[in-house]
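# Structural features, examined
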Amino acid sequence: MTKHYDVEAVRKLFPAAERLTYLDSGFQTPMSTPVRRALETFIEEAYETAGPKSVWIERMEATRAKLAAFLNAAPEEVAFTKNTSESMNIAANALPLAAGDNVLMVHGDHPNNAYAFLNLARKGVEVRFVPMTETVNAESFRPHIDARTRAISMSQVTFHAGHRFDVEDVGRLCAEAGLYYVLDIMQGVGVVPIDVKRVGATFIGSGTHKGLLVPQGLGLLYWDRTRTELEPAYLAAISLARPPADLIARPDDLEPAPTAARFEIGNFNLPATHALGAALDLIGSIGVENIAAHCFDLGDRLIEGLDACGVALVGPRARAHRAPHIYVAALPAEEWLDYFASRGVRLSPERDGVRISFGMFNTAADVDRFLDVVRERGVRPGRSPRAA
């Protein structure tokens, strides 16, 4: 395999990857040493001094700036949320959708993206699903656009089989057709490069516990700040352009903040934002393009091995259409998951098999270990992959 960076050095920062064959970063990445240190610093400060809150807020804002640079956004365009689902719900409810309008989505995409828009049925908004095919681009949506279509919402990468959609092509279609564009990057961010300006989305949402390496409980929301007509469905003092200094609410000044702070509701997950700052430093020291290239190489090795074992790959094979790091092997999860666990291999069940998802710390030896465990159970070319 081509050496894109010092994987062995990176691997030492993820102790869990030394103790088991961890192939489940599509669920959650194991904690790294830099993230642990950032969390320990926060805990120590809280324990010893009850918290230097002004310092904590400064660190959070420094993380916001790092995150914005990572996305090619301005800090004023980035809000912190709880998770992807909250980000998608904020976006869905901020769009000026009315009864009779419709939103286009991809059938079988992540349910928590879909439910944010399906919930608008109470307002008379219709969700129309387009088929999920190996290639999803502008032409997948164009035939379904009519006079009442107002938005397209989709994922950059699918969670269940690693499809990587042409999100920039869809962005061009949305600009051409005058549609709002909402993008979920949860499964891609940190591994698949993303440039929010090239994508051209109205909102982009994600959590941080997969490719961004932070424990659950922190999310992000990018907002195209030229879309000033988009306002939050809820309001708090921190959401306002001019929060009252005396903290007495006044009904005559409810103008939302001119930044993405309009979508924040206060009391931030400060330890997680500090951890994210450390994680972004680690990712930046390696480079997302290098992480993606490394994972693509691991994927090629995995696909070759699955072919040799006679096990089908669920989802796209070509690099042009697959994510670098997410693969599903057609091994029935109910029959195979416990077996893998008993051999020290961590995976996730998926619709049509077991999901192998790589992180920056995985090596060729991890892929070979997975394949060895498959062979141990007796899967051979011409034989069903179902357990005997």
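Use the structure listed above.
Residues numbered from 1 in each chain as written. Predicted model: local features only at pLDDT ≥ 70, side-chain atom pairs only at ≥ 80, totals over all residues. Heavy atoms only, no water.

### Quick word on the overall build of the protein
- Secondary structure summary: the protein contains 13 helices and 13 strands in total.
- On C-alpha atoms alone, the protein measures out to a radius of gyration of 22 Å, which is about the 21 Å that the 2.2 N^0.38 rule sets for 388 residues.
- Summarising its shape, the C-alpha atoms of the protein cover approximately 75 × 60 × 35 Å along the three principal directions.
- Out of the 388 residues in the protein, the part that is buried amounts to 53%.
- Pairs at least 24 residues apart make up 71% of the contacts formed inside the protein by residues separated by at least 6 positions. (Helix = DSSP H or I, 4+ residues; strand = E, 2+ residues; numbered from the N terminus. Rg over C-alpha atoms; globule rule 2.2 N^0.38 Å. Buried < 20%, exposed > 50% of the residue type's maximum accessible area, 1.4 Å probe, protein only. Contact = heavy atoms within 4.5 Å.)

### Brief notes about the sheet that holds strand β12 (residues 348-350)
- Reading across from one edge, β9-β10-β13-β12 is the order of the four strands in this open sheet, with antiparallel pairing throughout. Sheet topology places β9 (313-314) and β12 at the edges, where each strand pairs with a single neighbour.
- The pairing of β9 with strand β10 (residues 326-329) spans two bridges and is classified as antiparallel. Bridging from a neighbouring strand, L313 pairs with A329 of β10. (Pairing = 2+ DSSP bridges.)

### A few points about the packing of helix α11 (residues 288-309) against helix α13 (residues 364-376)
- Contact geometry of α11 with α13 gives a least axis separation of 9 Å together with a crossing angle of 15 degrees. Looking at the two axes, α11 sits roughly parallel to α13. The chirality of how α11 crosses α13 is right-handed. Within the contact between the two elements, α11 uses L298, R301, L302, G305, L306 and C309 and α13 uses A364, V367, D368, F370, L371, V374 and R375.
- The residue inventory of the contact of α11 with α13, partitioned by class, reads nine nonpolar, one polar and three charged. (Axes fitted to C-alpha atoms, helices over the stretch in contact; angles between N-to-C directions. Parallel < 35°, antiparallel > 145°, perpendicular 65-115°, else oblique. Left-handed = near helix turned anticlockwise from the far one by under 90°. Nonpolar A, V, L, I, M, F, W, Y, C, P; charged D, E, K, R; others polar.)

### Examining the nonpolar core
- F141, M154, L183, F340, M360 and F370 are the most contacted members of the largest nonpolar core, which totals 88 residues.
- Among residues more than four places away in sequence, those in contact with F340 are L331, V345, L347, V354, F370, V373 and V374. (Core = buried A, V, L, I, M, F, W, Y, C linked by side-chain atoms within 4.5 Å.)

### Considerations on the pairing of strand β3 (residues 102-106)
- By the criterion of burial, β3 is predominantly enclosed, with five of the five residues buried.
- Of the two faces of β3, the one holding N102, L104 and V106 and the one holding V103 and M105 are both buried throughout.
- Here β3 runs beside strand β4 (residues 126-130); their pairing, made up of five bridges, is parallel. Bridge assignment links M105 to a residue of β4, and that residue is F129.

### Thoughts on empty space enclosed by the protein
- One pass over the structure, following the stated rule, counts one cavity of 30 Å³ or more.
- By volume, the largest cavity amounts to about 110 Å³.
- For the largest cavity, the lining is made up of 17 residues, of which T29, V191, K210, G211 and F358 are closest to its centre. (1 Å grid on protein atoms, 1.4 Å probe; cavity = no way out; pocket = protein on both sides within 12 Å on 5 of 7 lines; lining within 4 Å. Points joined across faces, edges and corners; volume = space filled by probe spheres on them.)

### Some remarks on the layout of surface pockets
- Quantified by volume, the largest pocket comes out at close to 340 Å³.
- The set of elements that each furnish at least two residues to the lining of the largest pocket consists of α5 (84-94) and α6 (111-118).
- The class makeup of the residues in the lining of the largest pocket is three nonpolar, 13 polar and four charged.
- By volume, the second largest pocket amounts to about 270 Å³.

### Some thoughts on the sheet that holds strand β8 (residues 219-223)
- Read from one edge to the other, the open sheet built from seven strands follows the order β2-β8-β7-β6-β5-β3-β4, with strand pairing classed as mixed. The open sheet terminates on both sides in strands that have one partner only, identified here as β2 (78-81) and β4. Between one strand and the next, the sheet's axes are offset by a mean angle of 20 degrees, whatever the strand orientation.

### Side note on the packing of aromatic side chains
- Per the stated rule, a full pass over the model turns up 10 aromatic pairs.
- One aromatic cluster is present, built from ring pairs that chain together W336, Y339, F340 and F370.
- Lying across the ring of W336, R377 places its NZ or CZ 4.9 Å from the centre.
- R377 extends its terminal NZ or CZ atom over the ring of Y339, reaching a point 4.5 Å from the ring centre. (Phe/Tyr/Trp six-rings, centres within 6.5 Å; stacked < 30°, edge-to-face > 60°. Lys NZ or Arg CZ within 6 Å of the ring centre and 35° of its normal.)

### Digging into the pairing of strand β6 (residues 180-184)
- The element β6 is extensively covered by neighbouring structure, given that five of its five residues are classed as buried.
- A two-sided burial pattern is seen for β6, the buried positions comprising Y180, V182 and D184 on one face and Y181 and L183 on the other.
- Strand direction decides the pairing type here: strand β5 (residues 149-155) and β6, joined by five bridges, are parallel. Residue I152 lies in a different strand from β6, and its bridge partner there is Y181.
- Bridging between β6 and strand β7 (residues 203-207) involves three bridges; their strand directions are parallel. If you follow L183 over to β7, its bridge partner there is I204.

### Observations regarding the environment of L95
- Relative to the helices and strands, L95 resides in the loop between α5 and β3.
- Spatially, the C-alpha atom of L95 lies 9.8 Å from that of Y181, the residues being 86 residues apart in sequence.

### Section: unusual backbone geometry
- In the Ramachandran plot, L213 falls in the positive-phi region, its phi being about 75 degrees despite a non-glycine side chain.
- Structurally, L213 can be placed in the loop between β7 and β8.
- Positive phi is not limited to glycine here, since N267 has a value of about 50 degrees.
- Following the sequence through the fold, N267 ends up in the loop between β8 and α10 (270-286).
- For N267, a relative accessible area of 76% translates into the label exposed.

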